[in-house]
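# Descriptive structure summary
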Amino acid sequence: MPHYFVDPDIALAKTLPADFYTSAEVFEQCREKIFAASWQFIGHTGLVSAKGDVHPFTLLGNYMDEPLLLAKDKTGEINVLSNVCTHRGNLVVEKACKLNSLRCRYHGRMFGLDGRFMSMPEFKEVKNFPTAGDDLSKPALFSWSNWLFTSLENKYPTDLFFRDMTERVNWMPLADFKFEPAMSRVFNVKANWALYCENYLEGFHIPFVHAGLNAVIDYGEYATEIFFPYSSLQLGLSKTAVDCFDLPPSSPDYGKNVAAYYFWVFPNMMFNFYPWGLSVNVVEPVSVGGCRVKFFSYVWDESKLNKGAGAGLDKVEQEDEEIVENVQRGVRSRFYKHGRYSVTREQGTHHFHRILAEFMNK
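Note that the coordinates shown come from a computational prediction; the quantities given were computed from them, not determined experimentally. (Residues numbered from 1 in each chain as written. Predicted model: local features only at pLDDT ≥ 70, side-chain atom pairs only at ≥ 80, totals over all residues. Heavy atoms only, no water.)

Right, let's get into the overall build of the protein chain. Across its full length, the protein chain carries seven helices and 18 strands. When its C-alpha atoms are laid out on the principal axes, the protein chain stretches across 75 × 50 × 30 Å. For the protein chain, the residues scored as buried account for 54% of the 362 residues in total. The long-range share in the protein chain, meaning contacts at least 24 apart out of those at least 6 apart in sequence, stands at 64%. (Helix = DSSP H or I, 4+ residues; strand = E, 2+ residues; numbered from the N terminus. Buried < 20%, exposed > 50% of the residue type's maximum accessible area, 1.4 Å probe, protein only. Contact = heavy atoms within 4.5 Å.)

Right under this line is the structure:
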């Protein structure tokens, strides 16, 4: 594996080399070094709203491909569990349903909704059974208001990823944000997952790529805040006070015309807060040159939909896709090795590359 170095001085630094986006070996290494180690978005608590609700899902399908499930047990606690039976590896739950316990339909092994082994037919003669290894594995679960996250390896405290964002928007009535399936989308993009993320992490391209958004956002006042170690914020300020947040005095942004908060959490999550609510964007790696981008929409104030920076998101997405797909073709060129950073405009991308180098070099 190559050793990656991105100079901490952005004025001296060079971007990641082109092979990060074109090498099958690097793509495979990212799976364990980055995605298994970090926190990933599951969805909202409404997936298991009542006691006994069970919701199977696959974490990062076609890449991590990890079968997991959510279960709300009889105490009302939500658990994230492996969906793989500890007997012979069958999937335990195949579709969302309501259950009193989990029973594998292959040989009848049963588990509680907390993942603990309960019983198994024809196993009386088995010695040293059951053990803790017969329980379903229980990955870490992090809950922030209505949203759930998991980490397969649980190497890093959640504060390193989420603290700055959760503190910045703690004045919002997050519990009132309601999932809106009709506004949610899935986009298949012919570009490496990291190229999509680094495009998101700079507003430098807005005047050149997004004419509609540029008409709303005050590009001259567009600001990036780096949160160490693993997140950042791009603060989208409006040219007028129209279609902006009504900020309370307790907000550090009080007095500003904030049209949008664009939070990014390493490695692949974007939390875009608009006056109407929240769009969570998750970038899922699919292949070296392809990714799947999922938009999950949560509405707070319907009267503010389709206004300001939070309007026309599908068009903005199409414009971004066209650019990053062109970049994916470009980085395959034998003439492209690496680039440099704008000191004033690409702090977020520089920060992202620094973290990628940190994780990949471990």
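We now examine the packing of aromatic side chains. Within this structure, the stated rule accounts for 43 aromatic pairs. Look at phenylalanine 123 and phenylalanine 129: their rings are 4.9 Å apart centre to centre, the planes differ by 50 degrees, and that puts the pair in the tilted class. Seen from their ring centres, phenylalanine 187 and phenylalanine 295 are 5.0 Å apart, and the 70 degrees between their planes marks the pair as edge-to-face. Here phenylalanine 187, found in strand β12 (residues 185-189), pairs with phenylalanine 295, found in strand β18 (residues 290-299); they are 108 residues apart in sequence, far enough to count as distant. One residue, arginine 109, lies across the ring of phenylalanine 123, its end atom 5.3 Å from the ring centre. When the ring centre of tyrosine 219 is taken as reference, the NZ or CZ atom of arginine 345 above it lies at 3.9 Å. (Phe/Tyr/Trp six-rings, centres within 6.5 Å; stacked < 30°, edge-to-face > 60°. Lys NZ or Arg CZ within 6 Å of the ring centre and 35° of its normal.)

Our focus in this paragraph is the domain arrangement of the protein chain. Split into domains, the protein chain comes out as domain 1 (10-36 + 158-361) and domain 2 (40-151). The gap between the C-alpha centroids of domain 1 and domain 2 is 32 Å. Taken together, the contact between domain 1 and domain 2 spans 29 residues of the former and 16 residues of the latter. When domain 1 packs against domain 2, close to 2,000 Å² is buried across both sides, 67% of that on carbon and sulfur atoms. Three residues, Arg31, Leu174 and Tyr298, lead the burial of domain 1 against domain 2; their summed loss comes to 22% of the area buried on that side. Along the contact surface separating domain 1 from domain 2 lie nine residue pairs in polar contact (both at pLDDT 80 or more). Put simply, the parts of the chain that give the side of domain 1 that touches domain 2 at least two residues each are α1 (24-35), α2 (159-168), β16 (269-274), β17 (277-287) and β18. (Domains from an automatic or database assignment. Buried area = accessible area lost by both parts, 1.4 Å probe. Polar contact = N/O pair within 3.5 Å; in protein donor to acceptor, adjacent residues only side chain to side chain.)

This brings us to the sheet that holds strand β4 (residues 78-82). Two modes of strand pairing occur in sheets, parallel and antiparallel, and in both the strands are linked by backbone hydrogen bonds. With antiparallel pairing, four strands are arranged side by side in an open sheet as β4-β3-β2-β5. Looking at the sheet topology across the chains shown, the edges are occupied by β4 and β5 (97-98). Direction of pairing for strand β3 (residues 66-72) relative to β4: antiparallel, over a ladder of five bridges. Each residue of the ladder has a partner; that of leucine 68, found in β4, is serine 82. (Pairing = 2+ DSSP bridges.)

The subject of this paragraph is empty space enclosed by the protein. Per the counting criterion, the structure on display carries one cavity of 30 Å³ or more. If you go around the largest cavity, you meet 23 residues; those closest to its centre are Tyr200, Tyr262, Tyr274, Val316 and Asp320. Where the lining of the largest cavity is concerned, the elements lending two or more residues are α3 (193-200), β16, β17 and α6 (313-330). Split into classes, the residues belonging to the lining of the largest cavity amount to 12 nonpolar, eight polar and three charged. (1 Å grid on protein atoms, 1.4 Å probe; cavity = no way out; pocket = protein on both sides within 12 Å on 5 of 7 lines; lining within 4 Å. Points joined across faces, edges and corners; volume = space filled by probe spheres on them. Nonpolar A, V, L, I, M, F, W, Y, C, P; charged D, E, K, R; others polar.)

The next thing to look at is α3. Where burial is concerned, most of α3 is hidden: eight out of the eight residues are buried. Where α3 begins, the capping side chain belongs to asparagine 192, and its oxygen is found 2.9 Å from the backbone nitrogen of alanine 194.

Time to look at the packing of α3 against α6. For the pair α3 and α6, the least separation of the axes is 10 Å and the interaxial angle reads 125 degrees. As judged from the angle between their axes, α3 and α6 are oblique. Taken as a pair, α3 and α6 cross one another with a handedness that is right-handed. Of α6, the residues touching α3 (which contributes Leu195, Tyr196 and Asn199) are Glu317, Asp320, Ile323, Val324, Val327 and Gln328. Split by residue class, the contact of α3 with α6 holds five nonpolar, two polar and two charged. (Axes fitted to C-alpha atoms, helices over the stretch in contact; angles between N-to-C directions. Parallel < 35°, antiparallel > 145°, perpendicular 65-115°, else oblique. Left-handed = near helix turned anticlockwise from the far one by under 90°.)

In this structure the tally under the stated criterion is 16 salt bridges. The salt bridge partner of glutamate 225 is arginine 168, with a shortest N-O separation of 2.8 Å. Of this pair, glutamate 225 sits in strand β13 (residues 223-227) while arginine 168 sits in helix α2, and the two are 57 residues apart along the sequence. Residue class for glutamate 225 comes out partly exposed when judged on its relative accessible area of 24%. For arginine 168, a relative accessible area of 10% gives the class buried. Aspartate 253 serves as the salt-bridge partner of lysine 256, at 3.8 Å between the closest nitrogen and oxygen. Residue classification places lysine 256 among the partly exposed residues on the basis of a relative accessible area of 38%. On the accessibility criterion, aspartate 253 (1% relative accessible area) is buried. Within this structure, Arg168, Glu225, Asp253 and Lys256 form a network of salt bridges that share partners. (Salt bridge = Lys/Arg side-chain N within 4 Å of Asp/Glu carboxyl O.)

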